[in-house]
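Fold and contact review
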Amino acid sequence: MSSLDVLRATAHPVRLRLLSLLTGTAMSAAEAGRELRVSQAAASYHLRVLERAGLIRVVEVVRVRGGEAKRYRHESSAEPFRLEESIAEGGAASEERAEYVEAIIGELRRRSALRIAGAHLTTDAELWVDHATWRRVVAVVGAASALLHEAARPARTPGTAPVSMTAELFPLRRP
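Notes on the structure in this doc start here. Quick caveat, the model's predicted, so the values are computed rather than measured.

Regarding unusual backbone geometry
Phi at arginine 65 takes a positive value of approximately 40 degrees, unusual for a residue other than glycine. Along the polypeptide, arginine 65 turns up in the loop between β1 (57-64) and β2 (67-73). Residue arginine 156 is not a glycine yet carries a positive backbone phi of 65 degrees. Summarising the element assignment, arginine 156 is placed in the segment after α7 (131-150). On the accessibility criterion, arginine 156 (65% relative accessible area) is exposed.

A closer look at the pattern of salt bridges
Here the structure, examined in full by the defined rule, presents eight salt bridges. Close ionic contact of glutamate 60 with arginine 71 constitutes a salt bridge, the shortest N to O distance being 2.8 Å. Separated by 11 residues along the polypeptide, glutamate 60 in strand β1 and arginine 71 in strand β2 bring together distant segments of the chain. According to the relative accessible area criterion, glutamate 60 is partly exposed, its value standing at 32%. In this structure, glutamate 107 and arginine 110 form a salt bridge, with 2.9 Å as the shortest nitrogen-oxygen distance. In this pair, glutamate 107 and arginine 110 both sit in helix α6 (residues 95-112), three residues apart, roughly one turn of the helix. Residue classification places glutamate 107 among the buried residues on the basis of a relative accessible area of 3%. Judged by its relative accessible area of 32%, arginine 110 falls in the partly exposed class. Each of Glu31, Glu60 and Arg71 takes part in a single network of salt bridges with overlapping partners.

Details of helix α2 (residues 13-24)
Counting buried positions along α2 yields nine of 12 residues, so the element is predominantly enclosed. Where α2 is concerned, the buried positions are Val14, Arg15, Leu16, Leu18, Leu19, Leu21, Leu22, Thr23 and Gly24. For α2, the secondary structure elements touched by its buried residues are α1 (3-10), α3 (29-36), α4 (40-52), β2, α6 and α7.

Analysis parameters
Residues numbered from 1 in each chain as written. Predicted model: local features only at pLDDT ≥ 70, side-chain atom pairs only at ≥ 80, totals over all residues. Heavy atoms only, no water. Helix = DSSP H or I, 4+ residues; strand = E, 2+ residues; numbered from the N terminus. Buried < 20%, exposed > 50% of the residue type's maximum accessible area, 1.4 Å probe, protein only. Salt bridge = Lys/Arg side-chain N within 4 Å of Asp/Glu carboxyl O. Contact = heavy atoms within 4.5 Å.

As far as function goes, none of this settles anything; it's purely spatial.
Rendered as structure tokens:
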């Protein structure tokens, strides 16, 4: 899949939530629908979109009341972050990118309403830095993202707590 196909597939709030949910465990459309409070049909549709984009895969098929249910998992986000691949992908402004950003904004609003006291970090910056510093920052945030995804557990696992991470790092066009 191209990065454009991936961008289009993730430019929806339900699909973003599904990716997060399926990082910690494999789930069927019915299980994911219950967790996200959407219909099984809606969950199934969004799962198929993510599967076509190569973002999730079927990891098992289980028998359910005389039928079969596919259980999906999102595993790629726990892979080590590769800075060189992120550079090669580019990321110029586009209509698809704008839709993705809108989906991220919606998710950030939803999650912010659930915020509680605890360790946190909020940062917003538009700065001028040297190339080496920028590459280092992207690599560190990429590694933090991979660590968080690797440590993800199924929702409501004893000893865990829900957390949120939103990061969008990119170089800017010179004014």
